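Structure at a glance
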Amino acid sequence: MEKKRFYITTPIYYPSDKLHIGHTYCTVATDAMARYKRLQGYDVMFLTGTDEHGQKIETKAQEAGVTPKQFVDNIVEGPKGVKDLWKLMNVSYDRFIRTTDEYHVESVQKIFKKMYEKGDIYKGKYKGKYCTPCESFWTESQLKDGCCPDCGRPVVDAEEEAYFFRLSKYADRVRDLLENTDFLQPRSRVNEMIHNFIDPGLEDLCVSRTSFSWGIPVDFDSKHVVYVWLDALFNYTTALGFLNETYSDYDKFWPADVHFVGKEIVRFHSIIWPAMLMSMDMPLPKHVYGHGWLLLDGGKMSKSKGNVVDPYVLAERYSADALRFFLLRTFPFGTDGNFSNELLINTINVDLANDLGNLLSRTTAMADKYFGGTLSEAQAEGDEDAELIAMASALRDKYEAQMEKYQMQNALSEVFNVIARANKYIDETAPWVLAKDEATKPRLARVLYNLAETLRICGTLLLPFIPDTCTKIFEQIGADADLTTWEKAAAFGVLSKTATLHKGENIFPRIDAAKEIAELEELENAQKAKAQAAVAPAIEVEPQTTEDVDFDTFCKSDFRAVKVKACEAVAKSKKLLRFTLDDGTGTDRQILSGIHKWYEPEALVGKTLVAIVNLPPRKMMGLDSNGMLLSAVHTENGEEALNLIMVDDKIPAGAKLC
Ligand code: MSP
């Protein structure tokens, strides 16, 4: 009988920097799902790869003094590059696509042309905002506080001749897809998409650029390169051979069962991608799952801040299995999670060294000690065995129910509940007491047999997560490959009653937490210092272009020292702070200032600032502002930086500055 098929993908990564733990998270999750489906007997296609075009790569290559292709080759194929990392992490992808691969380029050109010929891509003029780091176009209304709604960084004005995709034409069908099917998961992401993008109205999408050249040329209009997201999204089909001769798996695997993607690219996958597929009259993927981010100290990891966690360091120190396990056991897949070294080490110590490791070493050590490894014929089950056997027998179905919902952390919790039950069972049955009397030896054999069976079942279900470790477990409990299948994970009593166990190496030695955390911190500080030195802030100050003023005019400006009595954010405004100031007159002065981005209001109370107090009053958000606080402004790494002018607290409120 032909096997059932399963096609799963990760996002294809930007090789603009080395990958960090956040990227590893998604790939390891995909790998666990792919291994799970293989375990179930599916014919699996697991695709990953790299998304290598776009302005950001072009700029980075220029800075590095190499061609864009050399630049990406190094990050993808070079030492400790993307492919090396996946090898280290035991990622079992079936195919790796690079968007610079010739077959992909050829397919994308054909796709672009088809959509053009259909009338779904047309030529127009692009006017709007562009976020260079995200390679995203935005309309004014989509910006958040004037910045990119995805990454919060400043956008630039852009105007050029461009091709557009008629995204608006597909708005109703996309809405229906999101609202009335389980295409996008978890459900909370649907509300975000409808509210933020569909309800305000979908506008046509600019899908070509002329201001840089590192992209796939539009073959019938070669001054244009294809917008990087159109190029990237179609990787999921070109890698199967869609419109190229390199592969021939399109009919076999398309549509994909699921695309795993991070939350910030859900928009591309759940709105733009289905609309493009509709335009191409292609079937839609069955699911898109938008997972959360791994945060560090509550914020996004950023290479330039040096606060990225290096998966290499952790996998080399604690093993790929430990890191894989930690990532999938700790963080619910659909929401953000805070990474910390403490959590990592604690999870390894508690779950892997203590619970799983001890269960294995106690079971095998007792088999060695009391039976010389080979169990004698075991007694029939006793009452004390019922709960453990029932839990272990029911485990596979519970685990499956969670895995089918991509809730890997819950699937692992189910397994670890059974492991905890088995450890408790050892305490309850006290094998060391049974060992004292020949008459209770058959009972002892039953106890150890039940433990070995529990380990076999748990080990089988842990295969997608910690494959290397499971091989060691099977070897120590004497379970051959034909006993560790999906079918046999639902049956208790599969191992031979006279199985031979042996105590092997400790699968997860306990980690000295305090020592390790100190060492990791040291490594991280060194990394931060290096990143900060490498990215010495590019500071720009505005050139002086103002006209001269005569002295008398200058003297008309009334600058005063003012003390902040109270400061609070203005409701419904992201920018404005409302200051209540002592200006020395005995009457409070109110000034509004758009500086919330740089200051938390409570941090300013008590400070002595400088205000110009003889400006005419202005209304902002319905409130009066009487004057303006002075600050120093410059640009740092392309972002506006602002510092309020603070003066010595000895200066009394109302003192005139001249
Ligand atoms: N090239 C695009 C994807 C194109 S898919 C057709 C891209 N690349 S990326 O390298 O920037 O990000 C790849 C994935 O890594 C995204 O799903 C992103 O959410 C994920 N992560 C990057 N940092 C992350 C965390 N800190 N935590 C979890 N995942 C995050 O987007």
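Here the structure is a predicted model, which means the values were calculated and not measured. (Residues numbered from 1 in each chain as written. Predicted model: local features only at pLDDT ≥ 70, side-chain atom pairs only at ≥ 80, totals over all residues. Heavy atoms only, no water.)

Strand order in this open sheet of 6 strands is β3-β2-β1-β11-β12-β7, and the pairing throughout is parallel. The sheet terminates laterally at β3 (95–98) and β7 (184–185), the two strands that pair on one side only. (Pairing = 2+ DSSP bridges. Helix = DSSP H or I, 4+ residues; strand = E, 2+ residues; numbered from the N terminus.)

The immediate surroundings of the ligand are formed by 22 residues, with I12, D51, G262, E264 and L294 found nearest. Between the ligand and G22, the relevant distance is 3.4 Å, taken from a nitrogen atom to a main-chain nitrogen or oxygen of the residue. Between L294 and the ligand, the recorded distance is 2.8 Å, taken from a backbone N or O atom to a nitrogen atom. Relative to its free-state accessible area of 660 Å², the ligand is covered by the protein chains to the extent of 95%. At the level of secondary structure, the elements contributing two or more residues to the shell around the ligand comprise α1 (21–39), α8 (228–233), α9 (235–238) and β11 (258–262). Of all the elements, α8 adds the most residues to the shell around the ligand, at 3 residues. (Near = heavy atom within 4 Å. Polar contact = N/O pair within 3.5 Å; in protein donor to acceptor, adjacent residues only side chain to side chain. Areas by Shrake-Rupley, 256 points an atom, 1.4 Å probe, with all protein chains shown as cover.)

On to the environment of I97. Tracing the backbone shows I97 in strand β3. By relative accessible area, which is 0% here, I97 ends up buried. Between the C-alpha atoms of I97 and G54, which are 43 residues apart in sequence, the distance is 16 Å. The contacts of I97, once residues within four sequence positions are left out, are I12, L47, T48, G49, T50, Y103, H104, N235, T238 and A239. (Buried < 20%, exposed > 50% of the residue type's maximum accessible area, 1.4 Å probe, protein only. Contact = heavy atoms within 4.5 Å.)

Core analysis: the biggest nonpolar cluster contains 115 residues, and F260 and L356 have the highest contact counts within it. By size, the runner-up hydrophobic cluster in this structure holds 75 residues, among which are V155, A162, F165 and C206. (Core = buried A, V, L, I, M, F, W, Y, C linked by side-chain atoms within 4.5 Å.)

Don't take any of this as a statement about function, it's just geometry.
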